[in-house]
Amino acid sequence: INSSKIKKITSLVISIFIIISALIFFQKQTDSFNRVTELRDGSASGRIPLALTGIKILYLNPFGATKTEKIKIKESMAQYYKNPSIKKYPSHVGILEIGIKYTILGILAFLIFIKYFYNKCIKYFDRKLKYFFIITFFAYMANALFHNMILFGGDYFILTYIAIIINEYNFIKRKHNCQKLR
């Protein structure tokens, strides 16, 4: 099997996997889309005030906030929004949580890592697969960065799968370069 066929088969397998995963996910959780669009349901109530609280903590303390400062800001925001849950929950925005826990330098380091990871991945794919990877990468990062936990246990399956694909392309590329030298 030549590398062109392997790339086509890999693209097909990835596409089928994503479609089947999406169908299973949305079939099991019929109200999944409503959680994204509705701010008044039980799980989403107060997300905007929580995010604004995270922004305020990060804005006022870009290089780190003490526990006392965080509590003070959360209490004032809970009072302002008349929402006591602000005191006990995180910002529910992953990138803000990185900033709150690891300062703006943590956000910068995380974004540098993401750019490095993206650049490493993108160079291994042919043109067609590259577009697919770019779209899925940005969709996944949008979800991860703006979700409350950033990465979930289930994400490690996806990340492992991406690592296997990159390793396979790296292997094919090296094998092809070695054959050229002969």
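This is a predicted model, so every value here is computed, not measured.

> Explain helix α4 (residues 67–81) to me, please; I cannot follow it from the model alone.
Helical geometry note: an α-helix holds 3.6 residues per turn, so side chains three or four residues apart project in the same direction. In this model, α4 (15 residues) spans 21 Å end to end at C-alpha, consistent with the 21 Å of a helix rising 1.5 Å per residue. For α4, the set of buried residues is Ile73, Lys74, Met77 and Ala78. Each buried residue of α4 sits inside an arc of 135° when the element is viewed along its axis, so together they form one side. Turned more than 90 degrees from where α4 packs its buried face, Thr68, Lys72, Gln79 and Tyr80 sit exposed. Contacts from the buried residues of α4 go to α3 (47–60). One or two steps after α4, the chain reaches Lys82, where phi turns positive at roughly 55°.

> Just checking my understanding: could you explain the packing of aromatic side chains for this structure?
Within this structure, the stated rule accounts for one aromatic pair. Taken together, a centroid distance of 4.9 Å and an interplanar angle of 90° make the contact between Tyr80 and Tyr81 edge-to-face.

> Honestly, the nonpolar core in this entry has me stumped. Any pointers?
Side chains of nonpolar character tend, in soluble globular proteins, to be buried together. If you look at the biggest cluster of nonpolar residues, it comprises 24 residues, and the most contacted ones within it are Phe125, Phe133, Phe137 and Met141. Those elements giving two or more residues to this core turn out to be α3, α5 (94–122), α6 (127–145) and α7 (155–181). It is α5 that contributes the most residues to this core, eight residues altogether. In contact with Phe133, other than residues within four places in its own chain, are Tyr118, Cys121, Ile122, Phe125 and Ile162. With eight residues, the next largest nonpolar core counts Leu50, Ile73, Met77 and Ala78 among its residues.

> I keep staring at the side chain of Lys74 and nothing clicks. Help me out?
Its location among the elements puts Lys74 in helix α4. At 2.9 Å, the side chain of Lys74 forms a polar contact with the backbone oxygen of Tyr89. Once you skip the residues sitting within four places of it in the chain, Lys74 turns out to touch Thr53, Ile57, Ile86, Lys87, Tyr89 and Pro90.

Here is what the cut-offs are and how they apply
In this numbering scheme, every chain counts its residues from 1 along its sequence in written order. With pLDDT at 70 or above as the cut-off, local features in this predicted model cover only qualifying residues; side-chain atom pairs require 80 or more to be listed or tallied, and sums for whole chains, interfaces and linings still use all residues. Processing note: side-chain calculations cover all non-hydrogen atoms of the structure and skip hydrogens and water entirely. Helix numbers and strand numbers start at the N terminus; a helix is a DSSP run of H or I with at least 4 residues, a strand a run of E with at least 2. Here the expected span of a helix is defined as 1.5 Å times the quantity of residues minus one. In this scheme, a residue with accessible area under 20% of its type's maximum is buried, one over 50% is exposed, and one in between is partly exposed, where area comes from a 1.4 Å probe on protein chains only. To obtain the arc, one takes the directions from the helix axis to the C-beta atoms. We call two residues in contact whenever any of their non-hydrogen atoms come within 4.5 Å of each other. Pairing of aromatic rings covers Phe, Tyr and Trp, the last counted by its six-membered ring, and requires centre-to-centre distances within 6.5 Å; plane angles under 30 degrees mean stacked, over 60 mean edge-to-face, and any other angle means tilted. Residues belong to one nonpolar core when they are buried, are Ala, Val, Leu, Ile, Met, Phe, Trp, Tyr or Cys, and are joined through side-chain atoms within 4.5 Å. The term polar contact refers here to a pair of N or O atoms within 3.5 Å; inside protein, the definition further demands a hydrogen-donor-capable atom paired with an acceptor-capable atom, and it admits residues adjacent in sequence only when both atoms are side-chain atoms.

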